[in-house]
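Each chain, letter by letter, is given below.
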Amino acid sequence: MGLFCICFFALCCPAYRASWQTNRYNHSKNYSLGYMPFFCIWRNRLAKFEQKLTEMLRPAVEEVGKELLGIEFISAGKHSVLRLFIDHEDGINVDDCAEVSRQVSAILDVEDPISTEYNLEVSSPGLDRPLFEKAHFEAVVGETIEVKLSMPLNGRRKFKGLLEAVEGDTLVVVVDGQDYELVLTNVDKANLVPNFTK
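Residues numbered from 1 in each chain as written. Predicted model: local features only at pLDDT ≥ 70, side-chain atom pairs only at ≥ 80, totals over all residues. Heavy atoms only, no water.

### Here we look at the sheet that holds strand β8 (residues 170–175)
What counts here: Only strands that DSSP links by at least two bridges are regarded as paired with each other. Only DSSP runs of H or I covering at least 4 residues are called helices, and only runs of E covering at least 2 are called strands; the numbering of each starts at the N terminus. The axes are straight lines fitted to the C-alpha atoms, using for helices just the contacting stretch, and the angles between their N-to-C directions are given from 0 to 180°.
Spatial ordering of the open sheet is given by β9-β8-β7-β6-β10, a layout of 5 strands whose pairing is antiparallel. Each edge of the open sheet is held by one strand with a lone partner, namely β9 (178–183) and β10 (187–192). The mean inter-strand angle of the sheet, taken between neighbouring strand axes irrespective of direction, is 40 degrees. In the sheet, strand β6 (residues 144–153) pairs with β10 via 5 bridges, with the strands oriented antiparallel. Bridging across to β10, Leu 149 finds its partner in Val 187.

Given below as structure tokens:
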């Protein structure tokens, strides 16, 4: 398996983010999530795969004193991306990302969960920090968030509004004065909306 590493600072609106990118290639196998007739089934399978990777890599990240917020896997053939978001109370810089990249690469080499070429990206959360777990949402109650659902609610999948509360496994989001109850298990992707007026 060959490795090609690029270290860079991502300077993009709205959030500065420190990142480390590694290109990984395996000549012998071809990995695919497979075709699914319904998006919800495909997304559920992908979510389980991301959760498996999170459980596999979290101990390695914590070993170097960092927190693994979550993982995104974008399946796109040889352009696939495995993206890890890490955090620390003192912040994250490029050296931190590089250290975590080396740490998790050792695990990925042994376990080989993705048997095709892909880019490994380790990133700080940035100002538009991603929200993966219930605790992440509870920490930003009263803030504006963006949510993308796996299955539509009232004909829409995208919501941007004030996170009013987290009640059990449900997010209460206020959009244009109307409350929407979004079930956590139906959340495909979510992130904090930066408030530059504070």
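Once the structure has been displayed, the description carries forward.
### Observations concerning unusual backbone geometry
Notably, Asn 154 is not glycine yet its phi reads approximately 55 degrees, a positive angle. Considering the arrangement of structural elements, one finds Asn 154 in the loop between β6 and β7 (156–167). With a phi close to 55 degrees, Asp 176 is a non-glycine residue in the positive phi region. Among the secondary structure elements, Asp 176 is positioned in the loop between β8 and β9.

### Observations concerning the confidence of the model for the protein
Low-pLDDT stretches of the model should not have their predicted coordinates read in fine detail. Just so we agree on the cut-off: Across the chain, each position has a pLDDT score giving the predictor's confidence in that residue, from 0 to 100. Note on contacts: a residue pair is in contact if any heavy atoms of the two residues lie within 4.5 Å.
Mean pLDDT over the protein works out to 83, with 77% of the residues at or above the 70 mark. In this model, residues 1–15 is a region of pLDDT below 50 whose contacts with residues beyond four sequence positions or in other chains number 40 contacts. Counted against residues more than four places away or in other chains, residues 26–39, with its pLDDT under 50, gives 28 contacts.

### Topic: the pattern of salt bridges
If charged atoms from side chains of opposite charge come close, those side chains can pair. To keep it simple, the criterion reads: Between Lys or Arg on one side and Asp or Glu on the other, a salt bridge is scored when a side-chain nitrogen of the former is within 4 Å of a carboxyl oxygen of the latter. Accessibility here uses a 1.4 Å probe with only protein chains present; expressed as a share of the type maximum, an area under 20% marks a residue as buried, one over 50% as exposed, and anything in between as partly exposed.
What the rule picks out here adds up to 7 salt bridges. A salt bridge links Glu 133 to Arg 58, with the nearest nitrogen and oxygen atoms 3.1 Å apart. Here the residue Glu 133 occupies a position in the loop between β5 (118–123) and α3 (134–138), and Arg 58 occupies one in helix α1 (residues 39–63), the gap between them amounting to 75 residues. Residue Glu 133 is classed as partly exposed on the basis of its relative accessible area of 33%. Where Arg 83 meets Glu 121, a salt bridge forms, and the shortest distance between an N and an O atom there is 2.9 Å. Of the two residues, Arg 83 sits in strand β4 (residues 80–87) while Glu 121 sits in strand β5, which places them 38 residues apart along the sequence. There is no split in this pair, since Arg 83 and Glu 121 are both buried. Members of the salt-bridge network, linked through shared partners, are Glu 72, Arg 83, Glu 121 and Lys 189.

### Re the pairing of β8
By the criterion of burial, β8 is predominantly enclosed, with 6 of the 6 residues buried. Of the two faces of β8, the one holding Thr 170, Val 172 and Val 174 and the one holding Leu 171, Val 173 and Val 175 are both buried throughout. Sheet topology places β7 next to β8; 5 bridges connect them, and they run antiparallel. In the strand pairing of β8, Glu 167 is matched with Thr 170. Between β7 and β8, which follow one another and run antiparallel, lie 2 residues, and Gly 168 among them has a positive phi close to 65 degrees. Linkage of β8 to β9, two consecutive antiparallel strands, is achieved through a turn of 2 residues, within which Asp 176 is found at a positive phi near 55 degrees.

### Considerations on a negative patch on the surface
Heads up, the rule is: Patch definition: residues with relative accessible area over 30% and no salt bridge; like charges joined within 9 Å; nonpolar side chains (Val, Leu, Ile, Met, Phe, Trp, Tyr) joined within 5 Å. Only the protein chains shown count as cover for residues, and all accessible areas are computed by the Shrake-Rupley method using a 1.4 Å probe. None of His or the chain ends enter the tally, which takes Lys and Arg as positive and Asp and Glu as negative. Each charge is placed at NZ for Lys, CZ for Arg, CG for Asp and CD for Glu.
A cluster of like negative charges, contributed by Glu 164, Glu 167, Asp 179 and Glu 181, occupies part of the molecular surface. Elements with a minimum of two residues in the negative patch: β7 and β9. Relative to the assigned elements, Glu 167 resides in strand β7. Residue Glu 167 is classed as partly exposed on the basis of its relative accessible area, which comes to 48%.

### A look at the nonpolar core
Worth spelling out the cut-off: Take the buried residues of types Ala, Val, Leu, Ile, Met, Phe, Trp, Tyr and Cys, join any two whose side-chain atoms come within 4.5 Å, and each joined set is a nonpolar core.
Ranked by size, the top nonpolar core spans 23 residues in total, and within it Leu 57, Leu 82, Leu 84, Ile 86 and Val 104 carry the most contacts. Counting residues per element, this core draws most heavily on α1, which supplies 7 residues. Beyond its immediate sequence surroundings of up to four residues, Leu 84 is in contact with Leu 57, Val 61, Leu 68, Gly 70, Ile 71, Val 104, Leu 120, Glu 121, Val 122 and Ser 123. Judged by nonpolar contacts, the second largest core, of 18 residues, contains Leu 149, Val 175, Tyr 180 and Val 187.

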